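Below, each chain spelled out in residue letters.
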Amino acid sequence: MIPAPFDYLKPTSVSEAVQAYAAAGEDAKLLAGGQSLLPILRLRLAYPELVIDLGGIGELAGVTDDGDALLIGAMTTHAAILADPLIRQHAPLIAQATETVADRQVRHRGTFGGSLAHADPAGDLPAVALALDAELRVQGPDGERSIAARDFFTDYLTTSMRPGEILTAIRVPKLGAGWSTHYEKLNRVAQAWSIVAVAAAVHRSDGTITEARIGLTNMGSTPLRASASEQALAGAPATEESIARASASAAEGTSAPSDLSAKADYREHLATVLTRRAVRHAAGI
């Protein structure tokens, strides 16, 4: 199907984009990588009067060292993420999850920020942002502000960004000594959305898990943290038995959906299994 007619704007600065976006209001859509927006336009599930292409704003792309964190431009493509040595060194969980995103063609067009702003609970990267305690930076008519990942996703395909705001960068704290990460994903076929996925970051000291952060994909209307498992793992020995006990509560507090891919109770089972696997790998067991 052919999209409904719309005006097209390709600004060269964030301020220009913000001004245009704020002025157009609900009649505008932002184009980042376009891998989610273009199918929606073609199906006429959305018919904006204006599409604002962020691809001409060079400052929104790239990965930089920000001291104790990495600063990832929102328009950095998945392919660029995979090729970046800073990501591989300081945030390997992002690289591991990104490798599972769709196919090579999509990864060369899709963007890190676009995936987060789309806020699909079945997407791979929102749960990773939760597990890494990322901070999302946005700019709008009232200036710039930062939003913790745990506060960013508010409902299905919905974020806490205000009207006219644009996601500009993601600040990801570097993981220091003692931290390890792992990503586990179950999908029906290659390149498909996750049925359930788990992003785990684990800190160990002297054979004990001192902290665990676990992000869950497709277990509710937003990406979620497996809080009960995290609490059970804190201070527990890094053993197969303690990890299995803690992982049994991974689905606690979630609202797993039932759809053509899986029933809710199957997703709950998967959450426990994949959490156990992800934590085991991250803990080096």
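Residues numbered from 1 in each chain as written. Predicted model: local features only at pLDDT ≥ 70, side-chain atom pairs only at ≥ 80, totals over all residues. Heavy atoms only, no water.

1. Observations concerning the packing of helix α11 (residues 240-247) against helix α12 (residues 264-282)
The test is simple: Angles here are taken between N-to-C directions and fall from 0 to 180 degrees, while the axes themselves are lines fitted to C-alpha atoms, restricted in helices to the stretch in contact. Helix and strand assignments come from DSSP, with helices taken as H or I runs of at least 4 residues and strands as E runs of at least 2, each series counted from the N terminus. In this scheme, a crossing is called left-handed if the near helix is turned counterclockwise away from the far one by less than a right angle; it is called right-handed if the turn is clockwise. Two residues qualify as a contact provided that any one of their heavy atoms is within 4.5 Å of a heavy atom in the partner residue. Nonpolar residues are Ala, Val, Leu, Ile, Met, Phe, Trp, Tyr, Cys and Pro. Charged residues are Asp, Glu, Lys and Arg, and all others, Gly as well, are polar.
Contact geometry of α11 with α12 gives a least axis separation of 9 Å together with a crossing angle of 145°. The handedness of the crossing between α11 and α12 is right-handed. For the pair α11 and α12, contact is made by E240, I243, A244 and S247 and by T272, T275, R276, V279 and R280, respectively. Residue composition of the contact of α11 with α12, grouped by class: three nonpolar, three polar and three charged.

2. Some points on the nonpolar core
We count it as follows: What we call a nonpolar core is a set of buried Ala, Val, Leu, Ile, Met, Phe, Trp, Tyr and Cys residues that are connected through their side-chain atoms within 4.5 Å. Relative accessible area decides the class of each residue, using a 1.4 Å probe on protein chains only: under 20% of the type maximum gives buried, over 50% gives exposed, and in between gives partly exposed.
Core analysis: the largest hydrophobic core is formed by 36 residues, its most contacted members being I94, L116 and I170. Top contributing element to this core by residue count: helix α8 (residues 125-131), with five residues.

3. Let's talk about α12
Residues spaced three or four apart along an α-helix face the same direction, because each turn holds 3.6 residues. The condition is simple: Each helix should span, by expectation, one fewer than its residue count multiplied by 1.5 Å.
An ideal rise of 1.5 Å per residue puts 27 Å on 19 residues; α12 measures up with 26 Å between its terminal C-alpha atoms. Along α12, the residues that are buried comprise A264, R267, L270, A271, T272, V273, L274, T275, A278, V279 and A282. Considering only its buried residues, α12 is in contact with β11 (179-186), β12 (196-205), β13 (208-217), α10 (227-233) and α11. Two residues or fewer after α12 comes G284, characterised by a positive phi angle close to 75°.

4. Here we look at the side chain of T181
Turning to its location among the elements, T181 is positioned in strand β11. The contacts of T181, once residues within four sequence positions are left out, are P92, L93, L175, A200, A201 and A282.

5. Quick word on the sheet that holds strand β1 (residues 7-9)
What counts, and what does not: A pair of strands counts as paired when DSSP detects no fewer than two bridges linking them.
In spatial order, the strands read β1-β3-β2; together these three strands make up an open sheet with parallel pairing. Lying at the two open borders of the sheet, with one neighbouring strand each, are β1 and β2 (28-31). Taken over all neighbouring pairs, the strand axes of this sheet differ in orientation by 20° on average, direction set aside. Of the strand pairs in this sheet, β2 and strand β3 (residues 50-53) are connected by four bridges, and their pairing is parallel. Bridge pairing links L31 to D53 in β3. Contacting β1, β2 and β3, helix α1 (residues 14-24) runs over the sheet at an angle of about 165° to β3.

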